[in-house]
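Coordinates in review
Okay, here's what each chain looks like letter by letter:
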Amino acid sequence: MIDVRNLTKSYGPKRGIFDLSFFVQEGEIFGFLGPNGAGKTTTIRQLLGFIHPDNGSAYIHGLRVFEDAHIIQKDVGYIAGEIAFFDHMTGDEFLRFQAEMRGMNDFSRYNNLIELLEFNPKTSIRKMSKGTKQKLAIVAAFMHDPSIYILDEPTSGLDPLMQSKFVQLVHKEKKRGKTILMSSHNFEEVERTCDRALIIKHGEKMVLEDVNALKQRQRKVFVVHFDTDEERRRFNTEGFTVENTRNNELEIAVSGDVNEFIKRLSKCTLKGIDIKKQSLEEVFMEYYKDDEHE
Amino acid sequence: MNKALLKMNTKSSYKLWIVFLLILLFYKLVIIGMFDPDNIEAMDEFMALMPEEFVQAIGYQLLDLSLTGYIGGYFYTFLILMFPLIFTIMLSFRLVGKYVDDGSMAYLIATPHKRSTIIITQAFFLLIAVFLLFLLMSILGLIFTIAMFPNQLAIGKYALLNAGALSLYVFIAGLSFFCSTVFNETKHTLGLTIAFPVGFLLFDMLTDVNDRLHFLRYFTPYSLFSPDKLFPVETAFYIQSLALILMGAILFALAIRIFTRKNLTL
């Protein structure tokens, strides 16, 4: 469906993408994961036919992404990483303009999306907040019912409630047989949403794997607040890595199966428990530390 | 050509167009209104009150002692270079440079249309907007002049003046469209879209100030539009107007070709 072959676009050492190859299958949600500046947007710009590669090629539906962009576009919904609209319009005017550009006549999806995202299209775009603009971009990308979605950090600026609504929307589209490529710098988001994930760093492919397999290998750090110091001492840490001890608090790293950890925890009295948010870099680091051990 | 885009352009630019039409008409009607058939040199005497270099720089001169020569000398020299120039620069930037600059061009390109269709539509819109500006300015000016001074205007020559000015603007539109379209450093686009057309205007003004600067006329294509070659009519006027149109067409063609192939960091 989306076929990227040895794509290279250099903006200097470690900036751009280098010899990147991957294939997105029909009907899957493909996560494109990497820290800021890793080359996600550079790749996506080439898929849209905005820029030429230095080397390599990319195809969508077997069509060349630059030369045949106008044919490919009939069937693509796109959200840009840095969204800019035509400021002088209202949301509704903008969406109707896009519909006209696409020769779209059926506005039923338009209405459903507006309702789903609780989006008021009558506001002037100039006065919209970042989150509202993101909603507008989502409606514009989804309303013409394309079969391929290319989404560059589609949830940025959305509140958590809207983010999960968006994830539901993407899953619904997948059920309808759509192909989705979405980029993100958030591991959890990809974990919740995608079937497979490609992790890139400095423009190079690091891992391309099933998300479930990634999850299995990922370590999670739990911050456990015990009721008292004694309770903390009572807890059997055998088999887990204790990262930090502070009074009645333990930071415990668990890789893979969490059941044993939960079972042992259930014997203690707790004040609370948190999962420590890990940055993508940390996830990478751990992933590769594990790799070296094997 | 894309109809939806033409409609969108019209909506976003008609106010700018109306403002410039009104400004142009205002100056034109004031100048025509000041014409005094009994004392044709009155305007020259008035101009003599101003610093000589200033009058020369803006190129005011009585082309001959008729109403047409008066209009040609006072309106189709400096004013015609000034206001439509600003309009053309502003519109060129709005149609392409601005959208590339802020990234909203993505919403034009990421649609089922060829890049060439999008950019040709923008070029066409710019030309139509300039053409209609001149058409309305010419016709309303004509009606006003005939009403004020019946039978004094040489309508043929007046039409040639306007056609010549329009051919100058085919070139200027081509130039500013080219600048707005081809430069890749987005932060430079606006600067260059202004710098080239205005730079030529400054050359054009300096040309007349001082004999030693007269050679500068070979560095500004604007000097190809010379209303003085209509009093009396010389073949050079036609040739030079055609040259302007040709250069404009080349610039448009280059802009379209380059835009169709270039990298757009949207």
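Reading the values: the criteria
- Per chain, residue numbering runs from 1 following the sequence as it is written.
- Lettering of chains starts at A and numbering of ligands starts at 1, both following the order in which they are written.
- In keeping with the predicted nature of the model, local features appear solely for residues at pLDDT of at least 70, side-chain atom pairs appear and are counted solely at 80 or more, and the whole-chain, interface and lining totals rest on all residues.
- Excluded from the side-chain calculations are hydrogens and water; all other atoms, namely the structure's heavy atoms, are used.
- To qualify as a helix, a DSSP run of H or I must reach at least 4 residues; to qualify as a strand, a run of E must reach at least 2; elements of each kind are numbered from the N terminus.
- Every radius of gyration here is taken over C-alpha atoms, with the globule rule written as 2.2 Å times N^0.38, N being the number of residues.
- Whether two residues touch is decided by their heavy atoms; if any such pair falls within 4.5 Å, the residues are in contact.
- Here the quantity called buried area is the accessible surface, traced with a 1.4 Å probe, that two parts lose on coming together, added over both.
- For this document, the term salt bridge refers to a Lys or Arg side-chain nitrogen within 4 Å of an Asp or Glu carboxyl oxygen.
- Counted as a polar contact is a pair of N or O atoms within 3.5 Å, where, for protein atoms, one must be capable of donating a hydrogen and the other of accepting one, and residues adjacent in sequence contribute only when both atoms are in side chains.
- Asp, Glu, Lys and Arg are counted as charged, while Ala, Val, Leu, Ile, Met, Phe, Trp, Tyr, Cys and Pro are counted as nonpolar; the rest, among them Gly, fall into the polar class.
- The rule for pairing is simple: two strands pair if DSSP sees at least two bridges between them.
- Patch definition: residues above 30% relative accessible area lacking any salt bridge, with like charges linked at up to 9 Å and the nonpolar side chains Val, Leu, Ile, Met, Phe, Trp and Tyr linked at up to 5 Å.
- For the accessible areas, the method is Shrake-Rupley and the probe is 1.4 Å, while residue cover comes only from the protein chains on display.
- Each nonpolar core is a collection of buried residues, namely Ala, Val, Leu, Ile, Met, Phe, Trp, Tyr and Cys, held together in the definition by side-chain atoms within 4.5 Å.
- Each residue is assigned to one of three classes by its accessible area relative to the maximum for its type, calculated with a 1.4 Å probe on protein chains only: buried under 20%, partly exposed between the two thresholds, exposed over 50%.
- Note: domain ranges come from an automatic or database domain assignment.
- Working convention for charge: Lys and Arg count positive, Asp and Glu count negative, and His plus the chain ends are omitted.

1. Section: the overall build of chain B
Looking only at helices and strands, chain B features 10 helices and 0 strands. Starting at the N terminus and walking to the C terminus, you meet the elements of chain B as α-α-α-α-α-α-α-α-α-α. A globule of 266 residues ought to have a C-alpha radius of gyration of about 18 Å, and chain B, at 20 Å, matches this closely. With the C-alpha coordinates of chain B rotated into their principal frame, the extents come out at 65 × 45 × 35 Å.

2. Here's the deal with the interface of chain A and chain B
With 26 residues of chain A at the contact, the number on the chain B side is 28 residues. Roughly 2400 Å² is buried in total at the junction of chain A and chain B, and carbon and sulfur atoms are behind 63% of that figure. Of all residues in chain A, Phe 50, Phe 86 and Met 101 of chain A bury the most surface against chain B, accounting for 28% of the area lost on that side. The interface formed by chain A and chain B holds 1 salt bridge in total. For the pair chain A and chain B, the number of links is 10 residue pairs in polar contact (both at pLDDT 80 or more). Elements with a minimum of two residues in the side of chain A that touches chain B: helix 3 (91-101) and helix 5 (130-142) of chain A. Among the elements that line the side of chain A that touches chain B, the one with the most residues is helix 3 of chain A, at 5 residues. Looking at the side of chain A that touches chain B residue by residue, the classes come out as 15 nonpolar, 6 polar and 5 charged.

3. Notes on the sheet that holds strand 4 (residues 55-60) of chain A
Strands pair in a sheet through their backbones, by hydrogen bonds, and they do so in one of two ways: parallel or antiparallel. All names here are of chain A. Strand order in the open sheet formed by 4 strands is 2-1-4-5, with antiparallel pairing between adjacent strands. Strands at the two margins of the open sheet, each flanked by one partner only, are strand 2 (16-24) and strand 5 (63-64). Across 5 bridges, strand 1 (residues 2-10) lies against strand 4 in antiparallel orientation. Bridge pairing in strand 4 links Thr 8 to Asn 55.

4. Things to note about a nonpolar patch on the surface
Together, Met 1, Ile 120, Phe 124, Ile 128, Phe 131, Leu 132, Leu 135, Ile 139, Leu 140 and Ile 143 of chain B line one region of the surface with nonpolar side chains, adding up to about 820 Å² of accessible area. Relative to the helices and strands, Phe 131 of chain B resides in helix 7 (residues 115-148).

5. Section: the nonpolar core
Ranked by size, the top nonpolar core spans 153 residues in total, and within it Tyr 78, Phe 94, Phe 142 and Ile 150 of chain A together with Tyr 76, Leu 108 and Tyr 222 of chain B carry the most contacts. It is helix 8 (residues 155-182) of chain B that provides the largest number of residues to this core, a total of 13 residues. One finds Phe 222, Leu 250, Ile 252 and Phe 261 of chain A within the second-largest nonpolar core, a separate group that totals 11 residues.

6. Some words on the domain arrangement of chain A
Taken as a whole, chain A is organised into domain 1 (2-215) and domain 2 (218-293). On a C-alpha basis, the centres of domain 1 of chain A and domain 2 of chain A stand 35 Å from each other.

7. Quick word on the pattern of salt bridges
All names here are of chain A. A complete count under the given rule lists 20 salt bridges over all chains for this structure. For Arg 196, the salt bridge identified is with Glu 28, shortest N-O distance 2.8 Å. Of this pair, Arg 196 sits in strand 9 (residues 196-201) while Glu 28 sits in the loop between strand 2 and strand 3 (29-33); the two residues are 168 residues apart in sequence, bridging distant segments of the chain. Summarising the burial analysis for this pair, Arg 196 and Glu 28 share the class buried. What emerges from the salt-bridge pattern is a single network uniting Arg 109, Asp 145, Glu 173, Arg 176 and Lys 178.

8. Some thoughts on the side chain of Lys 229 of chain B
Residue and element names in this part refer to chain B. Along the chain, Lys 229 falls in the loop between helix 9 (186-209) and helix 10 (235-261). Although buried, Lys 229 forms no salt bridge, and the nearest oppositely charged side chain, Asp 228, lies 5.1 Å from it. Each residue touching Lys 229, except ones within four places of it in the same chain, is listed here: Glu 234, Ala 236, Phe 237 and Gln 240.

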